[in-house]
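Observations on chain architecture
One-letter residues, chain by chain:
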Amino acid sequence: MSLNEFNSDLRKYLVHFLWRQWAQLGLASAGVEKEDGWIIDPEALWLFSATFARYDARLFDEILDWISKNAAFINIPRLKSLARRFGFDEMNVVAAMAAVVRQKNSRLNWRFSIAEKTGDATPLFLDVSEEPLPDFGAYDDTFLRFGFKRGKLELRGLSRQFNAVMPACTLLRLRAFFGINARAETVLYLLTHDMAHPSHIARETGFSQKNVQDTLVDMSGSGLVHPAKLEGRMKMYFMTKEHRAPFLYRPENPPQWITWSPVFRGLQILSNGVSKISSQPMSELLKAAELRRLFGEVQSKFEQAGLAGLLTPDRGSSDAAAMASFLSELKKFLG
C-alpha cells in the first residue's frame, strides 16, 4: 500500500462514514439509517465534514440542507471553541456554510472572524486524489466570497428534523429540552458516566470549567444531581440510575459517549500529513521516518479520546503494514 493509496482509501471510507452519521441525524439519504449506538456530536461532525465532505458534492449539499433545517439546535459558540481547542482545518469552509444558513434564517447570528477572500478562488469539490472536480455553470456568490469555486447552490429541502428516539440524537434531544447551553452536555455526560469532576466534563464537552462547575452547582439544587467528595479527591458529581431513566429512551441500554473532537482532528492531521509527505521530494527512508512521526502525533489525539493503541504499529512492521493495520482497526472502531 502506497501513501497515495492509503489516503485515497481513507478518504473514501470517511465519506461513507459521514453519510452514515448524518443519516442518523435526519439527513436525506438513500441508505437505511444504521444505529451505531453512540452519541453524535453535531459541532464536531460539522468541523470534520468541512474537510472530508468536499470529496462528495452531494453529501456536502445534503449536510448544508440538514444544518439549515436543524439550525435551532446547533451551538455555534461551542463549535468555535472546539475549532480553537483542537485546531481544526478548513474553518473558511465552515464559515461559508454558516453564511449560507444565515442567509436562509436572518435571526441567526452565525458570524466568524474570517476575512472574505479576494483574488483567485480554489475549487471546493475534489476527488479523493485531491484533483479538482469539473466546474459547471455560474459560481455560487456566497462560497466565492470565502475563496471557493462551486456551482450555484440549490438545497433540496429533504432533510428532516432529528429523530429524538435515535441514540445518535440524544444530545440534540437534550438541547431541545434544556436549550443551547452547557446544561445539555453536562447532563448527557452524567447520564453516560458513573460520576465525573467538572474539569473532566469541561475537557470533553468544549465548555469552560467554570461554566460546567456553575451548572452542576445549580443542578444540585434539583435533587437529581448529587455531589460526592471522595477520599483524596476533589468533589465529583453523579446521577442515580432512577434519576437517569426519564432522560433516556432506552435506560437499560444507554447510548455510548465518545469524545469525537480529538478523533476527528487526528484523522484530519493524518490525511493532511500523508498528502504532504507523499508530495515531498525525499528519500524513502526519510519518508518512513516522517510517517512514524506523523503516526505519533495522530495517536496523541486519539489518546485524548481514550483510544490508545489504534495507531500504534507493531515494532518492526513495514509502513505498508502499519497503514493497512490502521485502516482495519479504524473500520472496526467506526463500523
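Residues numbered from 1 in each chain as written. Predicted model: local features only at pLDDT ≥ 70, side-chain atom pairs only at ≥ 80, totals over all residues. Heavy atoms only, no water.

Most peptide bonds take the trans form, and the phi angle of most residues other than glycine is negative. Phi at Glu90 is positive, roughly 65°, even though this residue is not glycine. Here Glu90 is to be found in the loop between α4 (76–86) and α5 (91–104). (Helix = DSSP H or I, 4+ residues; strand = E, 2+ residues; numbered from the N terminus.)

So, on to the pattern of salt bridges. If charged atoms from side chains of opposite charge come close, those side chains can pair. Applying the stated criterion across every chain yields a total of 17 salt bridges. Here Arg11 makes a salt bridge to Glu130, at a shortest N to O gap of 3.2 Å. Here the residue Arg11 occupies a position in helix α1 (residues 3–25), and Glu130 occupies one in the loop between β1 (122–123) and α6 (141–145), the gap between them amounting to 119 residues. Here Arg54 makes a salt bridge to Glu90, at a shortest N to O gap of 3.2 Å. Residue Arg54 is found in the loop between α2 (42–52) and α3 (57–69), and its partner Glu90 is found in the loop between α4 and α5; the two are separated by 36 residues along the sequence. Salt bridges sharing partners connect three or more residues here, namely Asp41, Glu43, Arg78, Arg175 and Glu185. (Salt bridge = Lys/Arg side-chain N within 4 Å of Asp/Glu carboxyl O.)

Turning next to the packing of helix α13 (residues 284–304) against helix α14 (residues 319–334). Viewed as axis vectors pointing N to C, α13 and α14 meet at an angle of 25°, and their least axial separation amounts to 11 Å. Here α13 lies roughly parallel to α14, going by the angle between them. Of the two possible hands of crossing, α13 and α14 adopt the one that is left-handed. For the pair α13 and α14, contact is made by Ala288, Leu291, Arg292, Phe295 and Phe302 and by Asp319, Ala322, Met323 and Phe326, respectively. (Axes fitted to C-alpha atoms, helices over the stretch in contact; angles between N-to-C directions. Parallel < 35°, antiparallel > 145°, perpendicular 65-115°, else oblique. Left-handed = near helix turned anticlockwise from the far one by under 90°. Contact = heavy atoms within 4.5 Å.)

A few words on the side chain of Arg173. With respect to the helices and strands, the residue Arg173 is situated in helix α7 (residues 170–178). Polar side-chain contacts of Arg173 include one of 3.0 Å to the backbone oxygen of Phe247. When sequence neighbours within four positions are dropped, the list of residues in contact with Arg173 reads Phe162, Ala164, Phe247, Leu248 and Tyr249. (Polar contact = N/O pair within 3.5 Å; in protein donor to acceptor, adjacent residues only side chain to side chain.)

To continue, consider the nonpolar core. One finds Trp46, Trp110 and Phe143 to be the most contacted residues of the largest nonpolar core, which totals 86 residues. The set of elements that each furnish at least two residues to this core consists of α1, α2, α3, α4, α5, α12 (260–279), α13 and α14. Element by element, the count of residues in this core is highest for α1, at eleven residues. In this structure, Phe143 is in contact with Phe60, Leu64, Ala96, Met97, Val100, Leu124, Phe148, Arg150 and Leu153, ignoring residues within four places of it in sequence. Membership of the second largest hydrophobic core comes to 23 residues, among which are Ala182, Ile201, Val212 and Leu248. (Core = buried A, V, L, I, M, F, W, Y, C linked by side-chain atoms within 4.5 Å. Buried < 20%, exposed > 50% of the residue type's maximum accessible area, 1.4 Å probe, protein only.)

This paragraph deals with α4. Within α4, burial applies to Ile76, Arg78, Leu79, Ser81, Leu82, Ala83 and Phe86. Sitting at the head of α4, Asn75 places a side-chain oxygen 3.0 Å from the backbone nitrogen of Arg78. A positive backbone phi angle near 75° is found at Gly87, which sits one or two residues after α4.

Taken N-terminus to C-terminus, the directions of α1 and α12 make an angle of 150°; their axes are 9 Å apart at the nearest point. What the angle tells us is that α1 and α12 run roughly antiparallel. At the point where α1 passes α12, the crossing takes the left-handed sense. Every residue of α12 that contacts α1 at Leu3, Asn4, Phe6, Asn7, Leu10, Arg11, Leu14 and Phe17 is listed here: Trp260, Phe264, Leu267, Leu270, Ser271, Val274, Ser275, Ile277 and Ser278.

Nothing here speaks to function; it is geometry throughout.
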